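# Per-entry structural report
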Amino acid sequence: MARKKRQLLRVPELIVRKREGEKLGDQDIRDLVTGFMDGSVADYQMSALAMAVYFRGMDFEETVAMTLAMRDSGKVMSLDQIDAPKVDKHSTGGVGDKVSICLAPIVAACGVAVPMMSGRGLGHTGGTLDKLEAIPGFRVDLSVREFRAQLRKVGCALIGQTGDLAPADKRLYALRDVTGTVESIPLITSSILSKKLAEGIDALVLDVKVGRGAFMKTEADARELARCLVRVGTLAGKRVSALLTDMNAPIGYTIGNALETTEALGVLHGQGPDDLRELTYELAAEMLRVAEVTKSKSQALRRIEREVNGGAALQKMRAIVKAQGGDPRVVDAPDELAVARYRRTVTATADGYVTDIDPLELGYASMGLGAGRSRAEDVVDAGAGIRLHVQLGDPVRAGDELATLYASERGRLRGGADRVSASFRIGKRRPAVRSRIIATIRR
Ligand code: URA
């Protein structure tokens, strides 16, 4: 009790110290997070601290302390009974980012355990859980016991964040969201890593997206975030690396839950668009590297090709879907996933080349069609979304189809069509189309 009282008196002092740019100690940070969870640090005090961190930052040691204190605010899962190396992937979020759905079974087919905890869509970005739920019967709400058992049996499970992992992050994020303090690199780092470290993984690969459709708009900011995530994750005792990837155009040809799941399953059949396959294979190769199951990138890529072309990745996906209550026939007939009944097509108004496809506009258009959420409690329409018929650099003639919109309510199509149409630019010169991989950030 005396300790709690002493702590209470110290809170304003700690906020002032951070406001003045001083470094907080490990115990200071742990006391703040513990106090936040037991109610002795009020929401307004934690918000003030977040604002002080926003302006003054935190060094790596403080960020590690914040990450570990938030990790320890709830359960830290033990996956020690699983012999295989345990590796997860986290993306900072993009438009058309369905990579997890094909990546997880590929990596699991290569002998790595993949305990993947994902999120739901919010705002212009979609979420892996919503995409997986487009598969009839697929459950993402496994208990910790079921999650562990599936990991042991199948080598991969794809589920939602359980409420008892890093609860301090959930509460702090809710405050940051309404106090203008989301865009702080130490706070983003501790938020992402606290949840991932609580999963009981050995290693982690981060996909830090940069560009208009991403959280980080500039390469400099994305690089700084990636470096911070890698450094702090490493200091916390895990093997962590990051890929910096371009998010200035949507990934693949689809945006929306069932559409994206169909496209991701195509990669397991050896199909799928080049950019989606490249992104998936590069991230998978990095996961094999941090798992220490392959010695070089070329060896990792050969192994990945073998497991995809030989059907092992597909077989792994069938096992995952079956174990999580879904209909495994979907894996072999992904085109049969239901899409919404009302459709509208957007066409090119001039001859030329596709010089730009704005992912942010398309993300919001897809949300307006019913595929995403503006508030956490909104229900998503699995069949709504957008299918692109062209990609950056493709030649088009006036009247050619650029995209088809899908919605369950006809009224949603009109506004969506204007928005989708406005997201395309047609120019006379063919633009250079580069790889999505900008850099790999390692320790
Ligand atoms: N994603 C998270 O999980 N946390 C942040 O703070 C930002 C993005």
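Below is a short write-up of the structure. Treat the numbers as computed from the prediction; the structure is a model and nothing was measured.

## Examining the sheet that holds strand E10 (residues 395–396)
Reading across from one edge, E10-E8-E12 is the order of the three strands in this open sheet, with antiparallel pairing throughout. In the strand order of this sheet, the two ends are held by E10 and strand E12 (424–427), each with one partner.

## Structural notes on a nonpolar patch on the surface
Judged by side-chain polarity, Met51, Tyr54 and Phe55 come together as a nonpolar surface patch covering roughly 310 Å² of accessible area. Inspection of the secondary structure puts Phe55 in helix H3 (residues 43–56).

## Notes on the site of the ligand
Around the ligand, a shell composed of Tyr173, Arg176, Ile188, Ser191, Ile192, Lys195 and Phe215 is seen. At a separation of 2.6 Å, a nitrogen atom of the ligand approaches a polar side-chain atom of Ser191. Separating an oxygen atom of the ligand from a side-chain N or O atom of Lys195 is a distance of 2.5 Å. Contact with the protein chains hides 87% of the accessible area of the ligand, taken as 240 Å² for the molecule alone. Taken together, the elements giving at least two residues each to the shell around the ligand come down to helix H8 (167–178) and helix H9 (185–197). In terms of residues, the shell around the ligand owes the most to one element, H9, which gives four residues. For the shell around the ligand, the residue count by class is four nonpolar, one polar and two charged.

## Section: the packing of helix H4 (residues 60–71) against H9
The description of two packed helices rests on the angle between their axes and on the distance between the axes. Remark: H4 packs on H9, axes separated minimally by 8 Å, with the N-to-C direction vectors making an angle of 40 degrees. Judged by the angle between their axes, H4 and H9 are oblique. Between H4 and H9 the crossing geometry is right-handed. Only Pro186, Leu187, Thr189, Ser190, Ser191, Leu193, Ser194 and Leu197 of H9 make contact with H4, whose side of the interface consists of Thr63, Met66, Thr67, Leu68, Met70 and Arg71. Taken together, the residues of the contact of H4 with H9 sort by class into seven nonpolar, six polar and one charged.

Conventions and cut-offs
- Residues numbered from 1 in each chain as written.
- Predicted model: local features only at pLDDT ≥ 70, side-chain atom pairs only at ≥ 80, totals over all residues.
- Heavy atoms only, no water.
- Pairing = 2+ DSSP bridges.
- Helix = DSSP H or I, 4+ residues; strand = E, 2+ residues; numbered from the N terminus.
- Patch = residues over 30% accessible without salt bridge, like charges linked within 9 Å, V, L, I, M, F, W, Y side chains within 5 Å.
- Areas by Shrake-Rupley, 256 points an atom, 1.4 Å probe, with all protein chains shown as cover.
- Salt bridge = Lys/Arg side-chain N within 4 Å of Asp/Glu carboxyl O.
- Near = heavy atom within 4 Å.
- Polar contact = N/O pair within 3.5 Å; in protein donor to acceptor, adjacent residues only side chain to side chain.
- Nonpolar A, V, L, I, M, F, W, Y, C, P; charged D, E, K, R; others polar.
- Axes fitted to C-alpha atoms, helices over the stretch in contact; angles between N-to-C directions.
- Parallel < 35°, antiparallel > 145°, perpendicular 65-115°, else oblique.
- Left-handed = near helix turned anticlockwise from the far one by under 90°.
- Contact = heavy atoms within 4.5 Å.

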